[in-house]
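What follows is each chain in one-letter form.
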Amino acid sequence: MRKFQVVSPYEPSGDQGQAIEKLSEGFLRGDRYQTLKGVTGSGKTFTMAKIIEKVQRPTLIISHNKTLSAQLYREFKSFFPHNAVEYFVSYYDYYQPEAYVPARDLYIEKDASINKEIDNLRIKATYSLMERRDVIVVATVSCIYGLGMPELYKDMSVHIEKGEFLDTRKFSNELASIQYQRNDMVLDRGNFRVRGDVIEVYPPYMETDTAYRIELDFEEIGRICRFNVLTREVEEELDELKIYPSKHFVVPQERLYSVTDRILEEMAEQVERFNAAGKPLEAERIKTRTTYDVEMMREMGYCSGIENYSGPISGRKRGEPPATLLHYFPDDFLCMMDEAHVTVPQIGAMYEGDRSRKQNLVDFGFRLPSALDNRPLKFDEFEKKLNQVIYVTATPREQEIKQSTQVVEQLIRPTGLLDPIIEVRPSEGQMEDIYKEVKQRIHRGERSLILTLTKKMAEDLTDYLLGLNLKVKYIHSEIDTFERVEILKSLRLGEIDVLIGINLLREGIDLPEVSFIAILDADKIGFLRSTTSLIQIVGRAARNENGMVVMYADAITPAIKETVSETKRRRQIQQQYNEEHGITPHTVSKAVQDMLERQQKDAKENAEVELSALKKEANLFDAKQRKKLIELLKKEMSQCADRLEYEQAAAIRDQITEIENTYGKK
């Protein structure tokens, strides 16, 4: 078995070493829940990688959005070049779920655009889990949604060996039954072709452009090899070969036939129920829909929306949880929850929203009651599937702390930078005070952030500071996408000195040039001024050696008190460490341009992971397809900008410009 091996020019520094040791020891002694409480910029990702290397267990890393998942995927790919690092996120570029709005008698059909490249990556993740143990899967909460059953997925694989007899027609039928398509002209992922005594199969889960070739000698397998699809060069000779299904949802034909009888029985019961309740319209609706779907399944082995019949097809009892990605992991796996304070609540919220939408479809005759079993896991079901968990966050919630047998802190940054100084000042005279602080930062060539609670206040404050001849701009949801990107760049490059907004604090944003943050209305009660939010805000000033945060408030709320106390404690520990090790913290002098270039590069790579399949699927010479692709890209760009992921939005914008310049705008 291959061992997990971290490849990095760096060794653990600061308090990374003790965090790695404590959490690894906790895992190996059987602690079910632990927490890594790491400050912004302390290298939590590297610590996670070294823990995996220590414990040597298959690992699931869950993040709360696709952009952060793509970033983690690339980082772990670089840390573990000799191991299987996989990516498992939603394969929908666009998804409009099936729904019914009773108040308007409006039925909305399911509409989706599937990203085939991401679908292939999902299949590759399950394939790796079937074949090896040195596997890391970086996933979003899509990992709690229904997937094909691992037992069927494994049992329906096709196995052949060199020297055995092979009936070409039977073999072709076996491949077709596990969702491979025959195409004798073009060999593509998920396809196979037969040319005389040579059969070539291109599984969708292959990491590189490699496929398998089977050469027959009078119906006996004379050779099995893996070859490069582009160069046709043979990469490896094989004695045997196992080919896994091309899709997660695969069911033997004979099983599908028996299942349709159960579906028709359920339909008859539902029709009788509607008729008894005086609902003939709903009775006719469910009868028509189900009869058509069953006929399609019997004739084609598939129907639109077949996932709604996943309960009967899998043989699950009513209410039983579906098989998910977690069911493909061995029992002894490690789960890491990145940004756990956001990820855990998100997982808990998935079931109720899905249930509410589907219940309407069942009540009004659009779906059978068994459709309710095509669902994400409930939170308690999710927890039961977990083996051992490490929560990773700068601001763990009380729930994570209570569950954890140990909370390991990682407070020392490799750069030696300290948490910022915090002061609480009265709101009276705050404008004059802010002006004075901002002028001091301008004189030192540094930048400032000001956080308000409303859009109007952000706009009014911008006008006020512009009247004092300061270079200032504001950002909120009504600002155009392109302008947001340029505003943030302008701040980093010194073209503006002050940025005003409501929430400028998405996890992972780096602003080393910002040394002053002003928080207005810090004593107001609400999410934007909670302890978690305030600590996240304070962390944004921790990239600069002169970092300082001023909270303007007329009362000391529990959130303010806790934030000040916690930051002061961290700062003292960091200062003591620096003194003991002779470290003098300095802001990196090239941080503005270097970080801008690095984040642009990261965003471009993230965008390529997310959008490459879209470009492959569209014929860019076709004006209609080109227009549709650009619309999808613009929608994704706007969503990134709404989340304040400016670099990602800029990378997508560049993709749009490249397409328009190469193929035309119309």
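Look up: the structure comes first, before these words.
Below: a short report on this structure. (Residues numbered from 1 in each chain as written. Predicted model: local features only at pLDDT ≥ 70, side-chain atom pairs only at ≥ 80, totals over all residues. Heavy atoms only, no water.)

Strand pairs in the sheet, formed through backbone hydrogen bonds, run parallel or antiparallel to each other. A sheet is described by the order of its strands in space; here six strands give the open sequence β20-β25-β24-β21-β23-β22, paired in parallel fashion. With partners counted over all chains shown, the strands left at the sheet margins are β20 (421–425) and β22 (472–475), one partner each. In this sheet, neighbouring strand axes are inclined to one another by 20 degrees on average, regardless of whether the strands run parallel or antiparallel. In this structure, strand β21 (residues 447–451) lies alongside strand β24 (residues 514–519), joined through five bridges in parallel fashion. From the neighbouring strand, isoleucine 450 faces β24, where its bridge partner is alanine 518. (Pairing = 2+ DSSP bridges. Helix = DSSP H or I, 4+ residues; strand = E, 2+ residues; numbered from the N terminus. Axes fitted to C-alpha atoms, helices over the stretch in contact; angles between N-to-C directions.)

What follows is about the side chain of lysine 358. Structurally, lysine 358 can be placed in helix α10 (residues 340–363). Under the relative-accessibility criterion, lysine 358 is labelled buried at 6%. In contact with lysine 358, other than residues within four places in its own chain, are Asn308, Ala371, Leu372 and Asn374. (Buried < 20%, exposed > 50% of the residue type's maximum accessible area, 1.4 Å probe, protein only. Contact = heavy atoms within 4.5 Å.)

Before going further, it helps to spend a moment on the pattern of salt bridges. Counted according to the given criterion, the structure contains 43 salt bridges. Between aspartate 419 and arginine 413 there is a salt bridge, with the nearest N and O atoms lying 2.8 Å from each other. (Salt bridge = Lys/Arg side-chain N within 4 Å of Asp/Glu carboxyl O.)

A complete count under the given rule lists 16 aromatic pairs for this structure. Taking 6.3 Å as the distance between ring centres and 75 degrees as the angle between the ring planes, the aromatic pair formed by tyrosine 205 and tyrosine 244 counts as edge-to-face. Residue tyrosine 205 is found in the loop between β12 (198–202) and β13 (210–217), and its partner tyrosine 244 is found in the loop between β16 (240–243) and α7 (253–276); the two are separated by 39 residues along the sequence. Across the pair, exposure class does not vary: tyrosine 205 and tyrosine 244 are buried alike. Here the aromatic residues Phe4, Phe46, Phe76, Phe79 and Phe80 are joined through ring pairs into a cluster of three or more. Positioned above the aromatic ring of phenylalanine 88, the side-chain terminus of arginine 122 is 4.2 Å from the ring centre. (Phe/Tyr/Trp six-rings, centres within 6.5 Å; stacked < 30°, edge-to-face > 60°. Lys NZ or Arg CZ within 6 Å of the ring centre and 35° of its normal.)

On the basis of which strands lie adjacent, the open sheet formed by six strands has the order β10-β11-β12-β13-β14-β15 and mixed pairing. The sheet is open, and its two edges are formed by β10 (181–182) and β15 (234–238), each paired on a single side. Bridge count between β12 and β13: four bridges; the pairing is antiparallel. Bridged to valine 198 within β13 is glutamate 215.

On to a negative patch on the surface. A contiguous patch of negative charge, built from Asp167, Asp197, Asp217, Glu219 and Glu220, is present on the exposed surface. Considering the arrangement of structural elements, one finds glutamate 219 in the loop between β13 and β14 (220–228). (Patch = residues over 30% accessible without salt bridge, like charges linked within 9 Å, V, L, I, M, F, W, Y side chains within 5 Å. Areas by Shrake-Rupley, 256 points an atom, 1.4 Å probe, with all protein chains shown as cover. Lys, Arg positive; Asp, Glu negative; His and termini not counted. Charge placed at Lys NZ, Arg CZ, Asp CG, Glu CD.)

Attention now goes to the pairing of strand β25 (residues 548–552). Burial analysis of β25 places five of its five residues in the buried class, the great majority of the element. Covered by surrounding structure in β25 are Met548, Val550 and Tyr552 together with Val549 and Met551, the residues of both alternating faces. Bridging between β20 and β25 involves five bridges; their strand directions are parallel. In the sheet register, arginine 425 faces β25, and the bridge partner there is tyrosine 552. Where β24 lies against β25, four bridges are found, and the strand directions are parallel. In the strand pairing of β25, phenylalanine 516 is matched with methionine 548. A crossover links β24 with its parallel partner β25, the connecting element being helix α16 (residues 531–539), and its sense is right-handed. (Right-handed = clockwise from strand over helix to strand, strands pointing away.)

From the geometry alone we can't say anything about function, so treat these as descriptive.
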